[in-house]
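# Architecture and fold: a report
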Amino acid sequence: MKVLVVGGAGYVGSHAVRALEAAGHEAWVFDNLFQGHRAAVPKGKLIQGDLLQPSDLTSALERTGAEAVMHFAALSLVGESVTDPARYYENNVVGTLHLLEAMRAKGVWRLVFSSTAATYGEPETSPISEDAPQLPINPYGRTKLAIEHALQSYSTAYGFGCAALRYFNAAGAHASGEIGEDHSPETHLIPIVLQVALGQREHITIFGDDYPTPDGTCIRDYIHVDDLADAHVRALEQLQPHAMLQLNLGTGHGFSVRQVIDACRQVTGHPLPEVVGPKRAGDPPELVANSARAQSLLDWQPEFTTARAVVESAWRWHQAHPHGFDDRSP
């Protein structure tokens with residue numbers, strides 16, 4: 001199948017490209033390189049364009065003969081979404097509507113969408129199932145939920161076959177060591193801790209240590225990026241017209257901040273000094289996925305189930321690329 005991967009120069013998208021190719025599909029990348037990296041894209045597979053330019057999308061679909069789309073392109077910083085919501089609604093929602101209309105005009109009906117556990121807001125129970133109320137508490141989560149609603153409508157009215165994959169904490173790096181996590185600014189726990197081991201930060205800050213958890217720090221479900229990519233390919237291959245899959249992607253168990261830091265100490269051999277800071281607003285004590293539906297419907301099983309295994313893959317990438325990709329876009 002010919003697949004256009006929108007946002008395929010980014011972290012999860014670039015891993016999905018590798019998974020598509022490994023499964024025998026033909027993958028092309030559409031990206032504006034604002035957050036993505038040219039070096040993360042296989043040679044000759046990048047089409048540079050912008051979601052906010054409908055003609056770019058139409059041209060990319062025509063050029064590639066795409067039969068399906070994977071959509072990863074989004075602004076995703078929660079704090080920034082609070083201070084500049086207009087930018088998030090324009091890029092994430094309006095941009096996605098441009099994509100959907102370009103697909104509809106070209107008769108491309110298969111779409112796998114990168115959604116998020118942020119659509120659940122602050123759930124009252126954990127693990128979280130797909131039937132939990134979706135009550136996002138920030139504009140980022142609200143834009144993702146708005147897109148899910150649009151996909152459901154396009155599926156019903158126009159025959160799209162869609163999958164909205166809600167993932168929890170993406171982590172780790174590709175087994176080849178060629179691609180990995182490189183954000184600016186970096187907000188994810190594991191790469192931030194590994195920056196301490198690389199001498200790029202003096203310490204790791206733990207935001208609160210008095211949560212109602214065994215060690216007082218927040219618990220999160222860390223799903224390896226290769227496991228995420230595998231689930232995307234499996235979802236793509238199961239899409240049917242007039243149908244929409246809504247699935248959680250996680251391991252089904254969580255690790256606390258301190259457990260992750262300890263795993264990083266074991267893997268790097270670095271003492272990793274820590275400082276306890278104040279809690280952050282909106283940080284639930286525990287966010288863990290119930291992924292039983294995805295495991296059943298996709299015949300999918302996460303392979304990376306320990307904090308150490310996830311950290312080991314990330315550490316290989318960060319050691320080989322201490323400053324990330326060389327082509328960091330401004």
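In what follows, the accompanying structure is described. Since the model is a prediction, treat every value here as computed from it, not as a measurement.

The rules behind each value
- Residues numbered from 1 in each chain as written.
- Predicted model: local features only at pLDDT ≥ 70, side-chain atom pairs only at ≥ 80, totals over all residues.
- Heavy atoms only, no water.
- 1 Å grid on protein atoms, 1.4 Å probe; cavity = no way out; pocket = protein on both sides within 12 Å on 5 of 7 lines; lining within 4 Å.
- Points joined across faces, edges and corners; volume = space filled by probe spheres on them.
- Helix = DSSP H or I, 4+ residues; strand = E, 2+ residues; numbered from the N terminus.
- Buried < 20%, exposed > 50% of the residue type's maximum accessible area, 1.4 Å probe, protein only.
- Pairing = 2+ DSSP bridges.
- Axes fitted to C-alpha atoms, helices over the stretch in contact; angles between N-to-C directions.
- Parallel < 35°, antiparallel > 145°, perpendicular 65-115°, else oblique.
- Left-handed = near helix turned anticlockwise from the far one by under 90°.
- Contact = heavy atoms within 4.5 Å.
- Nonpolar A, V, L, I, M, F, W, Y, C, P; charged D, E, K, R; others polar.
- Expected span 1.5 Å × (residues − 1).

So, about empty space enclosed by the protein. Counted according to the given criterion, the structure contains one cavity of 30 Å³ or more. The computed volume of the largest cavity comes to approximately 30 Å³. The element contributing the most residues to the lining of the largest cavity is helix α10 (residues 307-320), with three residues.

Along any regular strand the residues' side chains alternate between the sheet's two faces. Burial along strand β4 (residues 68-71) is two-sided: Ala68 and Met70 and Val69 and His71, pointing in opposite directions, are all buried. Bridge analysis of strand β1 (residues 2-6) against β4 gives four bridges, and the strand direction is parallel. Within β4, the residue paired with Leu4 across the bridge is Val69.

Turning our eyes to something else, we now look at the packing of helix α6 (residues 189-197) against α10. The geometry of α6 relative to α10 is characterised by a closest axis approach of 10 Å and an angle of 55° between their N-to-C directions. Taken together, the axis directions place α6 and α10 in an arrangement best described as oblique. For α6 against α10, the interelement crossing comes out right-handed. Where α6 abuts α10, its residues Ile190, Pro191, Leu194 and Ala197 lie against Val310, Val311, Ala314, Trp315 and His318. Its residues assigned to classes, the contact of α6 with α10 comprises eight nonpolar, one polar and no charged.

We now examine helix α5 (residues 139-158). Between the first and last C-alpha of α5 there are 27 Å, a value that for 20 residues agrees with the 28 Å anticipated at 1.5 Å per step. Of all the positions in α5, only Pro139, Tyr140, Gly141, Thr143, Lys144, Leu145, Ile147, Glu148, Ala150, Leu151, Tyr154 and Ser155 are classed as buried. Looking one or two places after α5, you find Gly159, whose phi comes out positive at around 85°.

The next point concerns the environment of Ile179. Mapped onto the secondary structure, Ile179 falls in the loop between β7 (169-171) and α6. Between the alpha carbons of Ile179 and Asp226 there is a distance of 11 Å; along the sequence they are 47 residues apart. Leaving out residues up to four positions away in the same chain, Ile179 has contacts with Ser14, His15, Arg18, Ala40, Ala173, His174, Trp317 and Phe325.

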